[in-house]
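Here is how the chains run, residue by residue.
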Amino acid sequence: MSKFHTGYTITMKDIVREGHPILRKRTREVNVPLSKQDQETLICMMNFLKNSQDPVLSKKYQLRAGVGLSANQIGLNKRMFTAYFADEEGTEHEYALVNPKIISHSIMMVYLPQGEGCLSVDREVKGFVPRYEWVKVKAFNLEGKEVTLKLKGYASIVIQHEIDHLNGIMFYDRINKENPFQVPDDCRSLF
């Protein structure tokens with residue numbers, strides 16, 4: 001029985017930090033349809049993201065703001081994550097995705113000029129993280145229905161960051177080691 005159930009509030013003490021071996025493992029596929037436990041865990045994860053972006057609740061629970069959270073970041077070896085954010089056009093995105101796979105992507109790449117951060121990384125990591133400008137992702141949603149999403153720009157970056165987590169890849173693995181601010185030729189700043 002997992003502690004992540006309806007009524008449980010995930011806080012920063014639940015977030016696994018860099019150096020923990022689970023963050024470097026490829027996570028296990030989740031059975032679909034989802035168990036009640038997996039559904040409740042995803043709801044807890046989504047609530048964390050919403051709380052972390054709420055000025056009152058983030059202060060009350062001392063949360064760092066996050067836009068995505070993968071199951072291995074709370075110590076679970078499961079291929080699922082949640083994401084909650086507004087993109088560069090102000091469109092709100094809310095996803096609870098299970099067994100996600102990138103089925104196609106752009107050749108053109110983009111990066112965030114301010115770099116990326118991570119709830120599991122308690123330090124600033126300078127450098128550009130090249131990501132596909134758009135991705136097409138197939139996954140299962142909270143209800144166990146297969147969905148296909150085509151995401152571009154910031155939404156594409158967030159989803160790739162979370163899928164990387166599920167594959168044991170940290171965002172800074174994608175930063176050029178010799179020159180952190182150098183990116184491939186077919187890569188431009190998102191903003």
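Structural data are supplied above this passage.
Residues numbered from 1 in each chain as written. Predicted model: local features only at pLDDT ≥ 70, side-chain atom pairs only at ≥ 80, totals over all residues. Heavy atoms only, no water.

(A) Broad picture of the overall build of the protein. A tally of regular secondary structure across the protein gives three helices and eight strands. For the protein, the succession of helices and strands along the chain, N to C, is α-α-β-β-β-β-β-β-β-α-β. Scaling as 2.2 N^0.38, a compact globule of 191 residues should have a C-alpha radius of gyration of about 16 Å, and the protein matches this with 16 Å. Along the longest, intermediate and shortest principal axes, the C-alpha atoms of the protein span 50 × 35 × 35 Å. Per-residue burial over the protein gives 51% buried out of 191 residues. The contacts in the protein between residues at least 6 apart in sequence include a share of 72% that link residues at least 24 apart. If you sum the accessible surface of the protein, you get close to 9,700 Å²; carbon and sulfur atoms cover 53% of it. The distance from the centre of the 26 positive side-chain charges to the centre of the 23 negative ones in the protein is 5 Å. (Helix = DSSP H or I, 4+ residues; strand = E, 2+ residues; numbered from the N terminus. Rg over C-alpha atoms; globule rule 2.2 N^0.38 Å. Buried < 20%, exposed > 50% of the residue type's maximum accessible area, 1.4 Å probe, protein only. Contact = heavy atoms within 4.5 Å. Areas by Shrake-Rupley, 256 points an atom, 1.4 Å probe, with all protein chains shown as cover. Lys, Arg positive; Asp, Glu negative; His and termini not counted. Charge placed at Lys NZ, Arg CZ, Asp CG, Glu CD.)

(B) How the structure looks around helix α3 (residues 153–166). Taking 1.5 Å as the rise per residue, α3 with 14 residues should run 20 Å; its terminal C-alpha atoms sit 21 Å apart, in good agreement. In terms of burial, α3 is a largely internal element, 14 of the 14 residues being buried. Two residues or fewer past α3, glycine 168 is found with a positive phi of approximately 80 degrees. (Expected span 1.5 Å × (residues − 1).)

(C) Structural detail: the pairing of strand β7 (residues 146–152). Bridge count for strand β6 (residues 134–140) against β7 is seven bridges, and the pairing is antiparallel. Bridge pairing links phenylalanine 140 to glutamate 146 in β7. Hairpin geometry of β6 and β7 is characterised by an intervening segment of five residues between the two adjacent antiparallel strands and by a positive phi of about 85 degrees at glycine 144. (Pairing = 2+ DSSP bridges.)

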